Amino acid sequence: MRQLLGRQLLLPFRSCLRNDPILRYPQGIAAFSTTTGESGTEAPHTASISATRESKPPKLEPETRTWNVEFEEWSDIDAQFVPEGFPNQIARYFQHVKRSSLLYRAADNLLENHIAALYEKWSADPNHQINAGAVVLDGPRGSGKSASLLRAALAGRNTGWLTLYIPSLWMLSHGSGPYVPWTDRGIGLNVEGHVLWYERPEQVNSILQTFKKANEQHLGSIKVVPGSPMADRFTGDSLLKLINHGLKTFDLFEREPEKVPAELGDVLEELIRQLSLVESRPVMIALDEWNTILGLSEFNIPRARRIHSRAIRQAELFMDIDKLSRNMKNGLVIAALTNARPNKVLRKTRVVGGIDPRYKVTDEDRVDLMGETKVNALRAKASKVAIDMIGNPKHPLVPLPQDSHVFLACSPFCKEEVMALIREYEDAQFTLNVRPEVALRLHAVTGGRGHEIHKIMATM
């Protein structure tokens, strides 16, 4: 299919872009500006753009209408409220269209209503505690799961939730930065049978930095609850001081490497425990690419044995969403799956973990090298909600369940949404003059998968 896209369809698309009249789409955008993110994750370039558009709903019969005709709007995403940085695919799209605006879809509406309803219950009754099940965004690659999770995190922050947003859990068990083998004597040799677990100090530091920047106005007033070794030995009295302790600890990494990694790991683990105990305001934990930490990491030990993600302390911390959600006294966990980063499968005998019981690889882990069994186990406990886009009276949207886990199946982009995305590229003068039949062909060829649409538009 990709060869077909590249060789047979790209030239006709380019020809149509040059010669055909501009197609109008039913959207409207106001002026806005964006700023570049300050984290290591890619973020869009600074821009200031004003644009206006006609706003005419598509002439479709009610039973066939699938686009967001109720809202008829895009939503601007300001980078200054996302210190974690945008997911890479979204950042590239923002760079191409020279604006940070995302199409408002049915999944976004459902999630924002769910978050608002939970917050309203909590604010109306001081004794009410939010103990809703986790929400997992499911669906094919390119169906907008990461964009919907980003919106949900921002909706939480705008509403008043204390929000921990991690745009890529993949970085905990893959990617750059040291993976530090930890033994009962501190840092040790990366030898099978001697390592208790592995630490990812640079990734922990990044999580602490961005969480502090996004929530600093609330953290000073939230007290640390005793009850763990880290909390009992910590001399500070607030979450802000706990995070500052972690950041100062990281600054000592080069001078005291034998102490820093485990202390940083203790800080992040204690932060998650404290977030589960907060009662003074609702807490949201939003995790993208969750399934990438359920199977193998990309790290090795000698003799080409692959380390399982369970042996990495920070990955293990977020592995069991069911447990993480149940432990939350006053909060919500939202996670998104990804199909873009499949784990490589090796022989069972080549998978290793830590010797600490918590980080030891199980027989199930050796069989389920990609984490699919863990995802399916949670799916079996959850309510299933399939997205039918706003505007179809035969399938009205209903609130998400608040008493169980939810698997929210996100849909690929429909024809009207594909046309609207093309219009974004046109407005940015990235492409010109796409005629309607070409847009329909683009939808048919890509199956409405956003990453394929952007890939083709970026090469025109």
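Just so it is clear, the structure is predicted and the values come from calculations on it, not from any experiment.

A.B. asks: What is the right way to look at the sheet that holds strand β9 (residues 197-199) in this model?
C.D. replies: Working definition: the strands of a sheet are paired by backbone hydrogen bonds and lie parallel or antiparallel to each other. Taken in spatial order, the three strands make up an open sheet running β8-β7-β9, and their pairing is antiparallel. A strand with exactly one partner marks an edge of an open sheet, and here the two such strands are β8 (186-187) and β9. The sheet contact formed by strand β7 (residues 180-183) and β9 spans three bridges and is antiparallel. Note that in β9 the partner of P181 across the bridge is Y198.

A.B. asks: Hey, could you run me through the side chain of R105 in this one?
C.D. replies: Note that R105 resides in the loop between β4 (101-103) and α3 (106-124). Here S143 takes part through its backbone oxygen, which lies 2.8 Å from a polar atom of the side chain of R105.

A.B. asks: Can you help me understand the layout of surface pockets in this one?
C.D. replies: Unfilled space is identified by rolling a water-sized probe across the atoms. Volume-wise, the second largest pocket comes out at about 800 Å³. Along the wall of the second largest pocket there are 32 residues; nearest its centre are E316, L317, D320, K323 and R358. Those elements that provide at least two residues to the lining of the second largest pocket are α7 (229-233), α9 (260-277), α10 (313-317), α11 (321-326), α12 (363-367) and α13 (372-381). For the lining of the second largest pocket, the leading source of residues is α9, giving six residues. Classifying every residue of the lining of the second largest pocket by side-chain character gives 13 nonpolar, three polar and 16 charged.

A.B. asks: Please clarify how the nonpolar core should be interpreted in this entry.
C.D. replies: Soluble globular proteins tend to pack their nonpolar side chains together in the buried interior. Membership of the largest hydrophobic core comes to 60 residues, with the highest contact counts inside it found for L164, L208, L239, L275, W290 and F318. The element that contributes the greatest number of residues to this core is α9, accounting for seven residues. Residues within four places of L239 in sequence aside, it is in contact with L219, I222, V224, L271, Q274, L275 and V278. Listed in part, the 57 residues of the second largest apolar core include W74, A107, A147 and A420.

A.B. asks: I keep staring at the sheet that holds strand β11 (residues 296-301) and nothing clicks. Help me out?
C.D. replies: One open sheet accounts for three strands, arranged β11-β12-β14; its pairing is mixed. On the outer flanks of this sheet lie β11 and β14 (351-352), each paired with one strand and no other. Where β11 and strand β12 (residues 305-308) come together, three bridges link them in antiparallel fashion. Note that in β12 the partner of L296 across the bridge is H308.

A.B. asks: Hey, could you run me through the pairing of strand β6 (residues 162-166) in this one?
C.D. replies: Each regular strand shows side chains that alternate between the opposite faces of the sheet. Burial runs high along β6: five of the five residues are buried. Burial of β6 is two-sided: the residues L162, L164 and I166 facing one way and the residues T163 and Y165 facing the other way are all buried. Pairing geometry for β6 and strand β10 (residues 283-287), over five bridges, is parallel. Its bridge partner lying in β10, T163 is registered against M284.

A.B. asks: Is there a simple way to explain the packing of aromatic side chains in this structure?
C.D. replies: For any pair of aromatic rings, the description consists of the separation of the ring centres together with the inter-plane angle of the planes. The final tally for this structure, using the stated rule, is eight aromatic pairs. Pairing Y179 with F299 gives two aromatic rings, centres 4.3 Å apart and planes at 10°, and the pair type is stacked. Here Y179, found in the loop between α5 (170-173) and β7, pairs with F299, found in strand β11; they are 120 residues apart in sequence, far enough to count as distant. With relative accessibility at 5%, the residue F299 sits in the buried group. A connected cluster of aromatic rings, assembled from ring pairs, spans F86, Y93, F94 and Y425. Here the basic side chain of R105 rests over the ring of F413, its NZ or CZ set 4.1 Å away from the ring centre.

A.B. asks: Quick question: what am I supposed to make of the packing of helix α14 (residues 415-427) against helix α16 (residues 450-458) here?
C.D. replies: How two helices pack is summed up by the angle between their axes together with the distance between the axes. One can describe the packing of α14 onto α16 by two numbers: an axis separation of 11 Å at closest approach and a directional angle of 35°. Every pair of crossing elements has a handedness; the one defined by α14 and α16 is right-handed. Two secondary-structure elements touch here, α14 through V418, L421, I422 and Y425 and α16 through I453, H454 and M457.

A.B. asks: Help me understand the pattern of salt bridges in this model?
C.D. replies: Close approach of charged atoms allows side chains with opposite charge to pair. Tallied over the full model, the rule gives 23 salt bridges. For the salt bridge of E269 with R313, the shortest nitrogen-to-oxygen distance reads 3.1 Å. On the criterion of sequence distance, the pair formed by E269 in helix α9 and R313 in helix α10 is long-range, its members being 44 residues apart. By relative accessible area, E269 is classed as partly exposed at 23%. A single network of salt bridges, built from pairs that share partners, joins E199, R233, E263, D266, E269, R313, E316 and R358.

A.B. asks: Whenever I open this one, unusual backbone geometry confuses me. Can you help?
C.D. replies: Apart from glycine, the bulk of residues carry a negative phi angle, and the bulk of peptide bonds sit in the trans form. Its identity as a non-glycine residue notwithstanding, K98 has a phi of 60°, on the positive side. Along the chain, K98 turns up in the loop between α2 (88-97) and β4. With a phi angle near 60°, E289 is a residue other than glycine that sits in the positive phi range. On the basis of relative accessibility, which here comes to 10%, the residue E289 falls in the buried class.

A.B. asks: What should I look at first to understand the side chain of R157 in this one?
C.D. replies: If you trace the backbone, R157 turns up in helix α4 (residues 145-159). Note on R157: relative accessible area 15%, which makes it buried. A distance of 2.3 Å separates a polar atom in the side chain of R157 from a polar atom in the side chain of E84.

Reading the values: rules and limits
- Numbering of residues begins from 1 in every chain and follows the order in which that chain's sequence is written.
- Since the coordinates come from a predicted model, pLDDT governs what is reported: local features require at least 70, and pairs of side-chain atoms require 80 or more to be given and counted, while whole-chain, interface and lining totals use all residues.
- Note that the side-chain values use all heavy atoms of the structure and ignore hydrogens as well as water.
- Two strands are said to pair when DSSP picks up at least two bridges between them.
- Under the scheme used here, helices are H or I runs from DSSP no shorter than 4 residues and strands are E runs no shorter than 2 residues, and both carry numbers assigned from the N terminus.
- Polar contacts, as used here, are pairs of N or O atoms within 3.5 Å; protein pairs need one atom able to donate a hydrogen and one able to accept it. Residues neighboring in sequence count only if both atoms are side-chain atoms.
- Method remark: on a 1 Å grid restricted to protein atoms, a set of points is classed as a cavity if a 1.4 Å probe fits but cannot get out and as a pocket if it is open with protein on both sides within 12 Å along at least five of seven lines; lining residues have an atom within 4 Å of a point.
- Grid points are joined across faces, edges and corners, and a volume is the space filled by probe spheres set on the points.
- Only Asp, Glu, Lys and Arg are considered charged in this grouping, and only Ala, Val, Leu, Ile, Met, Phe, Trp, Tyr, Cys and Pro are considered nonpolar; every other residue, Gly among them, is considered polar.
- As used here, the term nonpolar core means buried Ala, Val, Leu, Ile, Met, Phe, Trp, Tyr and Cys residues forming a set that is joined through side-chain atoms within 4.5 Å.
- Exposure is judged per residue with a 1.4 Å probe applied to protein chains only, and the accessible area is read against the type maximum: over 50% gives exposed, under 20% gives buried, and values in between give partly exposed.
- Only heavy atoms enter the contact rule, under which two residues are in contact if any of them lie within 4.5 Å.
- Classification of ring pairs rests on two measures: the distance between centres of Phe, Tyr or Trp rings, Trp counted by its six-membered ring, which must be within 6.5 Å, and the angle between planes, read as stacked under 30 degrees, edge-to-face over 60 and tilted in between.
- In our convention, an over-ring charge means Lys NZ or Arg CZ found within 6 Å of a ring centre and within 35 degrees of that ring's normal.
- Simply put, an axis is a line fit to the C-alpha atoms, just over the touching stretch for a helix, and the angle between two N-to-C directions goes from 0 to 180 degrees.
- In this scheme, a crossing is called left-handed if the near helix is turned counterclockwise away from the far one by less than a right angle; it is called right-handed if the turn is clockwise.
- Every case where a carboxyl oxygen of Asp or Glu lies within 4 Å of a side-chain nitrogen of Lys or Arg is listed as a salt bridge.

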